[in-house]
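For reference, the chains in residue letters:
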Amino acid sequence: MELSPRIPYEVNPLVSMVEPEGEVKIRNRQGSAFLDFQVGRSVILPEFRRNPVELTKINDAVSGIADDPDIQITGMTVEGFASPEGTYKSNDKLSHNRALALKDYIRARYAFPDALFTVKNTPEDWEGLKVLVEDSSLEPKEELLRIITSSEEPDARERRLKTVARGVPYKKMLTELYPDLRRVEYRVDYSVRNYTLTEAKEVIKRSPEHLSQLEMYKVAEDYGKDSKEYRDIIMELIPRYYPNDPVANSNAAALLIQNKEYQSARRLLERAGDLPSAWNNLGVVSLALEEYDQAEEYLHQASSAGVKEASHNVDELTKKREDIIKQEKRKRQ
């Protein structure tokens, strides 16, 4: 007797969402200033050459933090860099003094306490020169890089660079590469206060970087899981600001799974590390793609770690496998 076709069992798996943990909101903002100084001097002249543009960039960055009542500045690091031109000893002094000059400029302008600052210097930026040479068309590039990365004393390396190909590459480095090495880098460290849900719903529109992942998550939940805002926050906004966070990646992947975007979800989950909810969600992906042995492994891991959705999904996997066996038996009858 021919049996009528039987509809295969359709699994109904559950994804896992995790509420992020709270955090102390420590942030930083950093940048580089390519200030021009008079020869042999370390005093910042605000109207000299490119300085108006460079100082405006610094002022905009610092003012945006210093003028925000929700922010408390906890530290500021200023580091001076010099190119390898000249002696290492003179460049050590020059880079340090130029870092001090920017520190004094910022301190005077904003009345910051001296204890807020950390001043550092890199006398000669050989690592930066290496990157610039690698990206350049200078030849003989390999020989130049061997000299730059050698363990010789800095002054000896500079002398060798001057002799390569009759000094032509060195002259090009002086004009084309060295100016980008002469800079002062700055970093402002600060903390941001916590917000109520009502405040967070406003802050997320203008300064989402001020919110913790938990605050963003609470705003998303308040909009409701069926809302566009919920999906935008979980799938786009949180991963943008927390790209390497396991919870952020697992939660975004959970919504991708619901959209049946399994491969995209898997890529995010592979960045979620040993997070039990991610194991469950990986198991759901494997289940959807009919990779049942892999699904079983992930789901049992998640279930053992206490993920309640995983226990349900293990039952679903069992039902699916039992149904496959029944289907095979029907075909043989």
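Residues numbered from 1 in each chain as written. Predicted model: local features only at pLDDT ≥ 70, side-chain atom pairs only at ≥ 80, totals over all residues. Heavy atoms only, no water.

### Thoughts on the layout of surface pockets
Part 1 of the reasoning: The computed volume of the largest pocket comes to approximately 450 Å³.
Part 2 of the reasoning: What lines the largest pocket is a set of 21 residues, and nearest its centre among them are F37, E85, L94, R98 and R182.
Part 3 of the reasoning: Looking at the lining of the largest pocket, the elements with two or more residues in it are β2 (71-81), α2 (88-110) and β4 (183-192).
Part 4 of the reasoning: When residues of the lining of the largest pocket are assigned to their parent elements, the largest contribution, four residues, is made by α2.
Part 5 of the reasoning: In the lining of the largest pocket, the residues fall into nine nonpolar, five polar and seven charged.
Part 6 of the reasoning: Each pocket or cavity is described by its volume, and for the second largest pocket that value is around 380 Å³.
Part 7 of the reasoning: Together, 16 residues line the second largest pocket, and V11, P13, K260, Y262 and A288 are the ones closest to its centre. (1 Å grid on protein atoms, 1.4 Å probe; cavity = no way out; pocket = protein on both sides within 12 Å on 5 of 7 lines; lining within 4 Å. Points joined across faces, edges and corners; volume = space filled by probe spheres on them. Helix = DSSP H or I, 4+ residues; strand = E, 2+ residues; numbered from the N terminus. Nonpolar A, V, L, I, M, F, W, Y, C, P; charged D, E, K, R; others polar.)

### Describing the packing of helix α5 (residues 154-163) against helix α6 (residues 168-181)
Part 1 of the reasoning: Packing of α5 against α6 brings their axes to within 8 Å, and their N-to-C directions diverge by 115°. In this view, α5 runs roughly perpendicular relative to α6, as classed from their interaxial angle. Listed contacts from α6 to E158, L161 and K162 of α5 are Y170, M173 and Y178.
Part 2 of the reasoning: A class-by-class count of the residues in the contact of α5 with α6 yields four nonpolar, no polar and two charged. (Axes fitted to C-alpha atoms, helices over the stretch in contact; angles between N-to-C directions. Parallel < 35°, antiparallel > 145°, perpendicular 65-115°, else oblique. Contact = heavy atoms within 4.5 Å.)

### Thoughts on α5
Part 1 of the reasoning: All buried positions along α5 are accounted for by P154, A156, R157, E158 and L161.
Part 2 of the reasoning: Among the structural elements, α2, α3 (126-134), α4 (141-148) and α6 are those in contact with the buried residues of α5.
Part 3 of the reasoning: Backbone geometry just downstream of α5 places A165 in the positive-phi region, at approximately 50°. (Buried < 20%, exposed > 50% of the residue type's maximum accessible area, 1.4 Å probe, protein only.)

### Description of the sheet that holds β2
Part 1 of the reasoning: Pairing is mixed in the open sheet, where four strands are placed in the order β1-β4-β2-β3. Both outer strands of the open sheet, β1 (26-33) and β3 (117-122), are each paired with one neighbouring strand and no more. Pairs of neighbouring strands in the sheet enclose a mean axial angle of 20°, with direction left out of account.
Part 2 of the reasoning: On top of the sheet, helix α1 (residues 51-66) reaches β1, β2 and β4; it is set at about 170° to β1, its chief contact. (Pairing = 2+ DSSP bridges.)

### Observations regarding the environment of K320
Part 1 of the reasoning: By secondary structure assignment, the location of K320 is in helix α14 (residues 308-332).
Part 2 of the reasoning: Through-space distance from the C-alpha of K320 to that of I65 is 56 Å; in sequence the pair is 255 residues apart.
Part 3 of the reasoning: Non-local contacts of K320, meaning those with residues more than four positions away in its chain, are made with P8, Y9, V11 and Y292.

### Side note on the environment of L138
Part 1 of the reasoning: Looking at the secondary structure, you find L138 in the loop between α3 and α4.
Part 2 of the reasoning: Residue classification places L138 among the buried residues on the basis of a relative accessible area of 6%.
Part 3 of the reasoning: Once the C-alpha coordinates of L138 and E47 are considered, the two residues, 91 residues apart in sequence, prove to be 34 Å apart.
Part 4 of the reasoning: Residue contacts for L138: discarding those within four places in its chain leaves L144, P169, K172, M173 and L177.

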